[in-house]
Amino acid sequence: MNINMDQLIRLRHWLHAHPEVSRQEVETANHMRCFLEEHAKPDSIIPLGGAGFAAIYEGYSSGKTVLIRCELDALPIHEINDDLAYRSLYDGVGHKCGHDGHMTILAGLALSLADRPRQGRVVLLFQPDEETGSGARLCCGHKNFEPIQPDYVFALHNLPGFAAGDVICKAGTFASEVKYVAVTMSGKEAHSAQPETGSSPSIALAELTLKARDIQAKFDHPDAYALIVPVYNQMGVQASGICPAQGEVHFTLRSAQGPAVEKMWQELTACAADLAETHGLDINFEIREEFSATSNGQLGFDMIRQATQMTGHSFTCLDRPFRWGEDFGEFTKLYEGAMFGLGAGETRPDLHNPDYDFPDEILKDGIAVFAAIIEIATTQS
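Definitions and limits used
- Residues numbered from 1 in each chain as written.
- Predicted model: local features only at pLDDT ≥ 70, side-chain atom pairs only at ≥ 80, totals over all residues.
- Heavy atoms only, no water.
- Helix = DSSP H or I, 4+ residues; strand = E, 2+ residues; numbered from the N terminus.
- Core = buried A, V, L, I, M, F, W, Y, C linked by side-chain atoms within 4.5 Å.
- Buried < 20%, exposed > 50% of the residue type's maximum accessible area, 1.4 Å probe, protein only.
- Contact = heavy atoms within 4.5 Å.
- 1 Å grid on protein atoms, 1.4 Å probe; cavity = no way out; pocket = protein on both sides within 12 Å on 5 of 7 lines; lining within 4 Å.
- Points joined across faces, edges and corners; volume = space filled by probe spheres on them.
- Nonpolar A, V, L, I, M, F, W, Y, C, P; charged D, E, K, R; others polar.
- Pairing = 2+ DSSP bridges.
- Axes fitted to C-alpha atoms, helices over the stretch in contact; angles between N-to-C directions.

**Student:** Lay out unusual backbone geometry with the relevant residues and their values.
**Tutor:** For R23, which is not glycine, the phi dihedral falls at a positive 70°. By the secondary structure assignment, R23 is in the loop between α1 (5–17) and α2 (26–39). The phi dihedral of H352 is positive, around 70°, even though this residue is not glycine. In this structure, H352 sits in the loop between β16 (336–343) and α9 (363–378).

As structure tokens, this is what we get:
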């Protein structure tokens, strides 16, 4: 592959300096479209809702359609890498999950496809809103996605803690099912000297937070971990004389097994409803985000392993799924395929840390593995 890596690194640094959070990735998407139009013009670009789009590269002969996905969005995390010449220009927003690197890998892949695949059709999907779990559903359900209908779908995620350039994968569940929920309780204000004259959610929400640990313990075991983690709470006003009338607590529930997440949610809601009744409170439940488990098909897993053999990359087969969620599971529910991890370095800061920066040296590894997967998948009989 004749790819200008300096050009790609400049692209990655621009993306890193101009991050946009979920559902706001307009500038990012426009920049990527312009890059493709100028340097690796697709046969067509298809809008897919929000800022998302797909770039289509038709092969010289018929064959399978292979979709490769990357993500457009950054995180609401303030970057502390003050030594970077290309640090985020926007306070409170940063590419702390490495999606800038994922986009750049697909840009490099596009450069390798500029002369068109030998066979089949390649779809490069630039997906919005991965971090809140709705981007993949938005793209899959969009009317413009119907004519794409891929035979195979693939994606990667960079993984700190693994040797740079190594490929990490497993068949079956690769990333967890996740549900992000909010529980709101409402009562009546009272003077804090006379709390009995009102109904405050303070004790009920505290008890619910503690009860969540007991519910988690019922489902958490070595073969299938389960987590219920309180991630946000808010109650009352900063005034010493007011016993609050309203409060809320948010949780993430996650497990490698989707039924476990649903059962934990059922138990949590039942417990919350009982507590609200005991304390004379109104209650409301809201599911804010949902990530289906990303389940890798055996054939997709085998293609990834074969690609690493073709490219000479080290391959690690995991024995258990990752605890984080990834909305690529919406694709693997519908199509054959798989997601793999790409090692980002054993000592690199973890994902979602404020000092994380995607390593430029693994761009070529991601491009090479994806190119091999495309060669394998488009020629399947």
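Let's pick the thread back up.
**Student:** Break down the nonpolar core for me, with residues and values.
**Tutor:** Counting residues in each nonpolar core, the largest one holds 53 residues, and the members touching the most others are Y57, I68, L124, F126, F154, F340 and F370. Per-element accounting of this core gives the leading share, nine residues, to α9. Excluding residues within four positions of it along the chain, I68 makes contact with L106, L109, V123, L124, L125, F154, F370 and I374. Membership of the second largest hydrophobic core comes to 24 residues, among which are I168, L318, F328 and F331.

**Student:** Please set out the layout of surface pockets residue by residue, giving values where relevant.
**Tutor:** Considered as a void within the structure, the largest pocket measures approximately 620 Å³ in volume. Of all the elements in the fold, those that place two or more residues in the lining of the largest pocket are β7 (172–186), β11 (246–255), β12 (282–291) and β15 (322–325). Looking at the lining of the largest pocket, its residues break down into 11 nonpolar, six polar and seven charged. In this model, the second largest pocket occupies a volume close to 280 Å³. Lining the second largest pocket are 15 residues, and of these P117, R118, A371, I374 and E375 lie nearest its centre. The element contributing the most residues to the lining of the second largest pocket is α9, with five residues. Split into classes, the residues belonging to the lining of the second largest pocket amount to eight nonpolar, four polar and three charged.

**Student:** Any details on the sheet that holds strand β5 (residues 152–159)? Residues and values, ideally.
**Tutor:** If you trace the eight strands from one edge of the open sheet to the other, you get β1-β2-β4-β3-β5-β16-β6-β14, paired in mixed fashion. In this open sheet, the two strands that pair with only one neighbour each are β1 (44–47) and β14 (315–317). This sheet shows a mean twist of 25° between the axes of neighbouring strands, independent of strand direction. Sheet contacts for helix α3 (residues 99–113): β2 (53–58), β3 (65–71), β4 (121–127), β5 and β16; angle to β3, the most-contacted strand, approximately 145°.

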